[in-house]
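# Structure at a glance
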Amino acid sequence: MSQNIIEKIQNNFIERVSFFPKLFSDMQVKETEKFMYIDCGLSSDTFNVSVVFADSITKDEIESEIVDYYLEKNYPMALWCWDCLKDANKVIKSTRLTFAETNVGMYADTNDFILFDDGQDDFLIKAISNSEEMKLFGKILASIFPDDLERDNIINYCNKLADASLYLNNSVRLYIGYLNGEAVTTGSAGIFKEHAGIYDIATIKEKRRLGLGTKMFDFILRDIKNNFNGACVLLASEDGYNIYKKAGFKPACNVHVYENRHLLK
């Protein structure tokens, strides 16, 4: 697979997860030649994200500059590392972090999208346009997480975006899907200069397995196609992989995620 595509998947992810934190004075984004990390100011490994992007990183650098940083704050975090970094993954496995999951990095050119939704009269998707919708987005997204504290902090994070009016942005687009007037799904897109990406597709428990997440995905594809021309990327879990493949996306790499929850007090 082209290294250029893998870099686009990584770069879009980094731009997306760091976009809002860079706009807050009480959130920290540190970037070096070997890694970056985000401190969102909350106890949430959804938003406290670190990415390793150099095979030359050492165990001491990971332990002292990443692991210890979050432990001093007693914050959970997730460290992401692309599978092409063979040495870096070996080093990470020798640290105090534990393996959490693997996602599949996928891509498709906007000209190759396979659009398959014919619409549904009782299901409406719209871009977030006010603070109350932003808070609602947070509640729906939080609902897919089993941990009470993580749910609360996802809601708190989205409430901060709402209070700062950061939901209105051309680079990061946030969407809510309504079924018979009830807000039931979320999705987002990060549309940057050289790549676009799809994130945050979630459906409340009571409305899953109705195809609503697929409809949200298709809606975002159409919005990206109307506003961007080039590579579109995403990180797929096992649940979404086949849907994305049907839409024309191809696997490019695996991304391994490591966590520190077992180290927290």
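If you're wondering where the values come from, they're calculated on a predicted model, not measured in any experiment.

What follows concerns the nonpolar core. Counting residues in each nonpolar core, the largest one holds 54 residues, and the members touching the most others are Met134, Ile198, Ile224 and Phe249. Leaving out residues up to four positions away in the same chain, isoleucine 198 has contacts with Ser188, Phe217, Ile220, Leu221, Ile224, Cys232, Val233, Leu234 and Phe249. Membership of the second largest hydrophobic core comes to 21 residues, among which are Ile9, Ile38, Val51 and Val257.

Glancing now at helix α5 (residues 148-163). The end-to-end C-alpha distance of α5, which contains 16 residues, comes to 23 Å, matching closely the 22 Å that a straight helix rising 1.5 Å per residue would cover. Buried residues of α5: Glu150, Asn153, Ile154, Tyr157, Cys158, Leu161 and Ala162, and no others. In this structure, the buried residues of α5 make contact with α4 (131-142). Its side-chain oxygen placed 3.1 Å from the backbone nitrogen of leucine 149, aspartate 147 serves as the N-cap of α5. Downstream of α5 by one or two residues, serine 165 has phi in the positive range, about 60 degrees.

Right, let's talk about the packing of aromatic side chains for a bit. Enumeration according to the criterion identifies 14 aromatic pairs in this entry. Between phenylalanine 113 and phenylalanine 249, the aromatic rings sit 5.8 Å apart at their centres with planes inclined by 20 degrees, giving stacked as the arrangement. Here phenylalanine 113, found in the loop between β5 (98-109) and β6 (123-127), pairs with phenylalanine 249, found in the loop between α7 (241-246) and β11 (250-259); they are 136 residues apart in sequence, far enough to count as distant. Relative accessible area serves as the criterion here: at 10%, phenylalanine 113 is assigned to the buried category. For phenylalanine 249, a relative accessible area of 2% gives the class buried. Sitting over the face of the ring of phenylalanine 24, lysine 160 holds its NZ or CZ atom 4.9 Å from the ring centroid.

The next point concerns the pattern of salt bridges. In total, this model carries 16 salt bridges according to the counting rule given. Among the salt bridges present, the one from aspartate 39 reaches lysine 73, with a minimum N-O distance of 2.5 Å. Of this pair, aspartate 39 sits in strand β2 (residues 35-39) while lysine 73 sits in helix α2 (residues 59-73), and the two are 34 residues apart along the sequence. Overall, the relative accessible area of 39% leaves lysine 73 in the partly exposed class. When the shortest N-O distance is used, the salt bridge between glutamate 150 and arginine 261 registers 3.2 Å. Taken together, the residues glutamate 150 in helix α5 and arginine 261 in the segment after β11 connect sequence positions 111 residues apart.

Below, the discussion takes up the pairing of strand β9 (residues 196-203). By the criterion of burial, β9 is predominantly enclosed, with six of the eight residues buried. As defined by bridge partners, strand β8 (residues 182-191) adjoins β9 across six bridges and the pair is classed as antiparallel. Its bridge partner being in β9, serine 188 is matched across the sheet by tyrosine 199. Count of turn residues in the β8/β9 antiparallel hairpin: four residues. Examined bridge by bridge, β9 and strand β10 (residues 231-236) share three bridges and lie parallel to one another. The residue bridging alanine 196 from the neighbouring strand is cysteine 232, located in β10.

So, on to the sheet that holds strand β7 (residues 172-179). Strand pairing in a sheet takes place through backbone hydrogen bonds and is either antiparallel or parallel in direction. Pairing within the open sheet is mixed, and its eleven strands lie in the order β1-β2-β3-β4-β11-β5-β10-β9-β8-β7-β6. Each of the sheet's edge strands pairs with one partner strand only, and the pair in question is β1 (28-31) and β6. The mean inter-strand angle of the sheet, taken between neighbouring strand axes irrespective of direction, is 20 degrees. Here five bridges tie β6 to β7, and the two strands are oriented antiparallel to one another.

What follows covers the side chain of histidine 195. Looking at the secondary structure, you find histidine 195 in the loop between β8 and β9. Accessibility expressed as a relative area gives 4% for histidine 195, which makes it buried. A distance of 3.0 Å separates a polar atom in the side chain of histidine 195 from a polar atom in the side chain of asparagine 12. Ignoring any residue separated from it by four or fewer positions in sequence, one finds histidine 195 in contact with Lys8, Asn11, Asn12, Glu15, Gly190, Phe228 and Ala231.

On to α2, then. An ideal rise of 1.5 Å per residue puts 21 Å on 15 residues; α2 measures up with 20 Å between its terminal C-alpha atoms. Of all the bends in α2, the largest measures some 35 degrees and sits at valine 67. Where α2 is concerned, the buried positions are Glu61, Ile62, Glu63, Ile66, Val67, Tyr69 and Tyr70. Considering only its buried residues, α2 is in contact with β1, β2, β3 (49-52), β4 (78-82) and α3 (86-93). Looking one or two places after α2, you find asparagine 74, whose phi comes out positive at around 60 degrees.

About the cut-offs
Residues numbered from 1 in each chain as written. Predicted model: local features only at pLDDT ≥ 70, side-chain atom pairs only at ≥ 80, totals over all residues. Heavy atoms only, no water. Core = buried A, V, L, I, M, F, W, Y, C linked by side-chain atoms within 4.5 Å. Buried < 20%, exposed > 50% of the residue type's maximum accessible area, 1.4 Å probe, protein only. Contact = heavy atoms within 4.5 Å. Helix = DSSP H or I, 4+ residues; strand = E, 2+ residues; numbered from the N terminus. Expected span 1.5 Å × (residues − 1). Polar contact = N/O pair within 3.5 Å; in protein donor to acceptor, adjacent residues only side chain to side chain. Phe/Tyr/Trp six-rings, centres within 6.5 Å; stacked < 30°, edge-to-face > 60°. Lys NZ or Arg CZ within 6 Å of the ring centre and 35° of its normal. Salt bridge = Lys/Arg side-chain N within 4 Å of Asp/Glu carboxyl O. Pairing = 2+ DSSP bridges. Axes fitted to C-alpha atoms, helices over the stretch in contact; angles between N-to-C directions. Bend = angle between axes of the 7 residues up to and from the residue.

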